[in-house]
Amino acid sequence: QVELVESGGGLVQAGDSLRLSCAASGRAFSPYGVGWFRQAPGKGREFVAGISAGGDMTGYADSVRGRFTTSRDSAKNTVYLQMNGLKPEDTAVYYCAARYGSTWSSLNYVYNSWGQGTQVTVSS
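Predicted model only: the values in this text are computed from it and were never measured. (Residues numbered from 1 in each chain as written. Predicted model: local features only at pLDDT ≥ 70, side-chain atom pairs only at ≥ 80, totals over all residues. Heavy atoms only, no water.)

A. Summary view of the environment of V110. Locating V110 in the fold gives a position in the loop between strand 9 (92-100) and strand 10 (113-114). For V110, the contacting residues outside a window of four places in its chain are R99 and S105. (Helix = DSSP H or I, 4+ residues; strand = E, 2+ residues; numbered from the N terminus. Contact = heavy atoms within 4.5 Å.)

B. The packing of aromatic side chains, seen in detail. Going through the model one piece at a time under the given rule, you end up with 8 aromatic pairs. Between F37 and W114, the ring centres sit 5.2 Å apart and the planes meet at 50 degrees, which makes this aromatic pair tilted. Remark: W114 occurs in strand 10 and F37 occurs in strand 4 (residues 32-39); sequence separation between them is 77 residues. Under the relative-accessibility criterion, F37 is labelled buried at 1%. Between F47 and W104, the aromatic rings sit 5.4 Å apart at their centres with planes inclined by 10 degrees, giving stacked as the arrangement. Here F47 is found in strand 5 (residues 45-51), whereas its partner W104 is found in the loop between strand 9 and strand 10, with 57 residues between them in sequence. Judged by relative accessible area, which is 14%, F47 ranks as buried. Its relative accessible area of 24% is what places W104 among the partly exposed residues. (Phe/Tyr/Trp six-rings, centres within 6.5 Å; stacked < 30°, edge-to-face > 60°. Buried < 20%, exposed > 50% of the residue type's maximum accessible area, 1.4 Å probe, protein only.)

Following this line, the structure appears as structure tokens:
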């Protein structure tokens, strides 16, 4: 399995931007579809965005579409989540997850590698 490490979280104000990184180690990241999920206090883990292994297909939750963008850099073995126009309701721990194969999925149980999460806090 690939090992994942997220970074880039922090405390920002509403309207600010952050870029999260999901770095893979252990093996090449390119054959893996990647999903981004988040979990707010007292809530379940929800899908945020996904990107295919080739980077040519992406998908987003309605709540973030138009504000968040996911991309990948195979040379750096890293997937990114660019978050613009952050809102207080975006406050959560953000996780990246990987599944071997070309596609991403909004279903968290299909992923077999998860990072440790990074905290994003958006103040109003």
